[in-house]
Amino acid sequence: GEGKGRAGVLTKRDLESDKLAKLAAETWGGAEPKEADPELVKKIYDEELKGSGFALGRIMTLEYSQYLEKYLWPSYDPETASSQHLMSLVCMVNEKFREQIPAWDAFEKRAEVFPAFFEAVMALLQAKEGSIRERAFLVRFFVNCFQSLENSAVRSVCLPQVALPLWKHL
């Protein structure tokens, strides 16, 4: 089921028997993931992430299934991506940081799209919409970005956001 192992810790068995893990295996778990469905991304965000109050277990299950690498990022289209798609990407990046897993590797494929993604996430934050929790995820995402300046793709989008004289004083 969707329970937890001892002391509230998710076990591998919990992760693999979860309905979300089963959906992942069917949709993006194989060698040839199914074509991305923007409505599925919205549904997963609305029901499993936001709908669960961003329960850590739901986020961990998606991270374990490689949701970011196999489904979210390959299907990200800057022209048509929903706010749910953007927020799902943000949640997965933040979870990788929380788990101390390299977060930016997935973005090396299609790196040319990363600047548009970064700008779209910035626009989400500037829109001042969404719950406090969602806005906190956005802020955490930008903290993670600015703590990742060793990554050239991240550095190329972060540095222009900060005035040059400020860097002199850091």
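Right, let's walk through the structure included here. (Residues numbered from 1 in each chain as written. Predicted model: local features only at pLDDT ≥ 70, side-chain atom pairs only at ≥ 80, totals over all residues. Heavy atoms only, no water.)

## Considerations on the overall build of the protein
Stage number 1. The helix and strand tally for the protein stands at 10 helices and 0 strands.
Stage number 2. Each helix and strand of the protein, ordered N terminal to C terminal, gives the series α-α-α-α-α-α-α-α-α-α.
Stage number 3. In the protein, buried positions account for 39% of the 170 residues. (Helix = DSSP H or I, 4+ residues; strand = E, 2+ residues; numbered from the N terminus. Buried < 20%, exposed > 50% of the residue type's maximum accessible area, 1.4 Å probe, protein only.)

## Topic: the side chain of H85
Stage number 1. Locating H85 in the fold gives a position in helix 6 (residues 83–98).
Stage number 2. Judged by relative accessible area, H85 falls into the buried class, the value being 6%.

## Re the nonpolar core
Stage number 1. Core analysis: the biggest nonpolar cluster contains 43 residues, and Y67, F117 and F141 have the highest contact counts within it.
Stage number 2. Mapped by element, the contributors of at least two residues to this core are helix 2 (19–27), helix 3 (38–49), helix 4 (56–64), helix 5 (67–75), helix 6, helix 7 (114–126), helix 8 (132–146) and helix 9 (152–158).
Stage number 3. Top contributing element to this core by residue count: helix 6, with 7 residues.
Stage number 4. Discounting chain neighbours no more than four positions away, the residues touching Y67 are W28, V41, I44, L62, L72, S88 and M92. (Core = buried A, V, L, I, M, F, W, Y, C linked by side-chain atoms within 4.5 Å. Contact = heavy atoms within 4.5 Å.)

## Here's the deal with the packing of helix 2 against helix 3
Stage number 1. Viewed as axis vectors pointing N to C, helix 2 and helix 3 meet at an angle of 170°, and their least axial separation amounts to 13 Å. Here helix 2 lies roughly antiparallel to helix 3, going by the angle between them. Between helix 2 and helix 3, the contacting residues are K19, L20, L23 and T27 on the first element and L40, I44 and E48 on the second.
Stage number 2. For the contact of helix 2 with helix 3, a count of residues per class yields 4 nonpolar, 1 polar and 2 charged. (Axes fitted to C-alpha atoms, helices over the stretch in contact; angles between N-to-C directions. Parallel < 35°, antiparallel > 145°, perpendicular 65-115°, else oblique. Nonpolar A, V, L, I, M, F, W, Y, C, P; charged D, E, K, R; others polar.)

## Things to note about unusual backbone geometry
Stage number 1. The phi torsion at Q100 lies on the positive side, around 60°, for a residue other than glycine.
Stage number 2. As for its placement among the helices and strands, Q100 is situated in the loop between helix 6 and helix 7.

## Side note on empty space enclosed by the protein
Stage number 1. A full pass over the atoms with the stated rule returns 1 cavity of 30 Å³ or more.
Stage number 2. Of the voids in this model, the largest cavity is the one considered here, and its volume is about 40 Å³.
Stage number 3. Lining the largest cavity, in full, are W104, F107, E108, F114, N151, A153 and V154.
Stage number 4. Among the residues forming the lining of the largest cavity, the class breakdown is 5 nonpolar, 1 polar and 1 charged. (1 Å grid on protein atoms, 1.4 Å probe; cavity = no way out; pocket = protein on both sides within 12 Å on 5 of 7 lines; lining within 4 Å. Points joined across faces, edges and corners; volume = space filled by probe spheres on them.)

## Description of the packing of helix 6 against helix 7
Stage number 1. The geometry of helix 6 relative to helix 7 is characterised by a closest axis approach of 10 Å and an angle of 105° between their N-to-C directions. By the angle between their directions, the pair helix 6 and helix 7 is classed as roughly perpendicular. For the pair helix 6 and helix 7, the contacting residues are S83, L86, M87, L89 and V90 in the first and F117, A120, V121 and L124 in the second.
Stage number 2. Residue classes in the contact of helix 6 with helix 7 are distributed as 8 nonpolar, 1 polar and no charged.

## Structural notes on helix 8
Stage number 1. With 15 residues, helix 8 should cover 21 Å at 1.5 Å per step; its first-to-last C-alpha distance of 21 Å lies within 8% of that length.
Stage number 2. E134, F137, L138, F141, F142, N144 and C145 are the residues of helix 8 that are buried. One side of helix 8 carries all its buried residues, which in axial view fall inside an arc of 160°.
Stage number 3. Those residues of helix 8 that are buried are in contact with helix 3, helix 4, helix 6, helix 7 and helix 9. (Expected span 1.5 Å × (residues − 1). Arc of directions from axis to C-beta.)

## With respect to the side chain of S148
Stage number 1. Here S148 shows up in the loop between helix 8 and helix 9.
Stage number 2. Not counting the four nearest positions on each side in its chain, S148 is found in contact with F97, W104 and V154.

## Quick word on the pattern of salt bridges
Stage number 1. If you walk through the whole model with that rule in mind, you get 8 salt bridges.
Stage number 2. Notably, a salt bridge pairs E48 with K19, separated by 3.4 Å at the nearest N-O pair. Placement of E48 in helix 3 and of K19 in helix 2 is noted, with a sequence separation of 29 residues between them.
Stage number 3. Given a relative accessible area of 11%, E48 falls into the buried group.
Stage number 4. Note on K19: relative accessible area 49%, which makes it partly exposed.
Stage number 5. Its salt-bridge partner being E95, residue R98 comes within 2.9 Å of it at the nearest N-O pair. With R98 and E95 both in helix 6 and 3 residues apart, this pair spans about one turn of that helix.
Stage number 6. With relative accessibility at 3%, the residue E95 sits in the buried group. (Salt bridge = Lys/Arg side-chain N within 4 Å of Asp/Glu carboxyl O.)

Purely spatial values, then, with no claim about function.
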